[in-house]
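Each chain, letter by letter, is given below.
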Amino acid sequence: MTAPSSPQRPVTVSVFSQRFSATTRGARHARHLALHQLHTWGIPHGTETSDAAAVIVAELAANAVTHGRVPGRDFELRLSLVTGSVRIEVSDTRSGPPRPPRPGGTTSPAPLAEGGRGFLLVDAFAARWEVLDRDPPPGKTVRAEVDVPGWLCLVRDRTTGARPGSAL
């Protein structure tokens with residue numbers, strides 16, 4: 001007799017969290033620090049995972065600055081290395097409209113439109129994503145995950161002290 005299977009929550013191995021000014025400089029800084037943190041965790045610059053995360057962080061940070069900005073309030077970037085993926089969360093303090101689309105609810109803008117492609121990119125590069133109410137309120141959080149091939153090697157390298165990718 002076997003016990004009924006219940007879904008397991010992902011195990012968080014590492015977390016990086018930082019607040020940034022809701023400016024274009026803050027958004028750019030968020031992307032640079034995110035790439036640096038991923039590299040520190042053993043996900044090198046220029047890899048598919050790093051490049052996908054860079055696009056997602058850039059788009060979500062730009063949206064937080066452009067559409068989620070509340071004067072005098074920052075936005076927050078949170079990266080988590082969880083079971084099998086990197087979780088990217090960008091939170092802002094704007095509660096009202098405009099509200100981001102839901103996954104699968106993104107629509108293509110007119111061909112000559114100057115904007116409206118950000119969540120199409122998030123949809124294309126993230127394995128999964130969602131929009132949540134910010135905890136604590138007010139505001140919202142957009143959470144996206146990028147799958148990490150060879151994730152278990154990153155965890156082993158972190159626990160043994162070996163350099164990422166080295167032979168054990």
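A quick note: this is a predicted structure, and the numbers were derived from the prediction, not measured.

Enquirer: Is there a simple way to think about the packing of helix α2 (residues 48-66) against helix α3 (residues 118-125) in this case?
Expert: For any two helices packed against each other, the geometry is given by the interaxial angle and the distance between the axes. Where α2 meets α3, the closest approach of the two axes is 9 Å, and the angle between their N-to-C directions is 150°. Judged by the angle between their axes, α2 and α3 are roughly antiparallel. The interaxial crossing formed by α2 with α3 has left-handed handedness. Every residue of α3 that contacts α2 at A52, V55, I56, E59, L60 and N63 is listed here: G118, F119, L121, V122 and F125. Tallied by class, the residues present in the contact of α2 with α3 amount to eight nonpolar, two polar and one charged.

Enquirer: Teacher, can you tell me more about the environment of S80 here?
Expert: Examined against the element boundaries, S80 turns out to sit in strand β2 (residues 75-82). A residue is classified by how much of its surface remains accessible, and S80, at 4% relative accessible area, is buried. With 42 residues separating them along the chain, S80 and L38 place their C-alpha atoms 9.6 Å apart.

Enquirer: In this structure, what is going on with the pairing of β2? I would like to understand it.
Expert: For a regular strand, the rule is simple: side chains alternate between the two faces of the sheet. Judged by how many residues are buried, β2 sits mostly within the fold: six of eight residues are covered. The sheet contact formed by β2 and strand β3 (residues 85-92) spans seven bridges and is antiparallel. Note that in β3 the partner of L81 across the bridge is V86.

Basis of the calculations
- Residues numbered from 1 in each chain as written.
- Predicted model: local features only at pLDDT ≥ 70, side-chain atom pairs only at ≥ 80, totals over all residues.
- Heavy atoms only, no water.
- Axes fitted to C-alpha atoms, helices over the stretch in contact; angles between N-to-C directions.
- Helix = DSSP H or I, 4+ residues; strand = E, 2+ residues; numbered from the N terminus.
- Parallel < 35°, antiparallel > 145°, perpendicular 65-115°, else oblique.
- Left-handed = near helix turned anticlockwise from the far one by under 90°.
- Contact = heavy atoms within 4.5 Å.
- Nonpolar A, V, L, I, M, F, W, Y, C, P; charged D, E, K, R; others polar.
- Buried < 20%, exposed > 50% of the residue type's maximum accessible area, 1.4 Å probe, protein only.
- Pairing = 2+ DSSP bridges.

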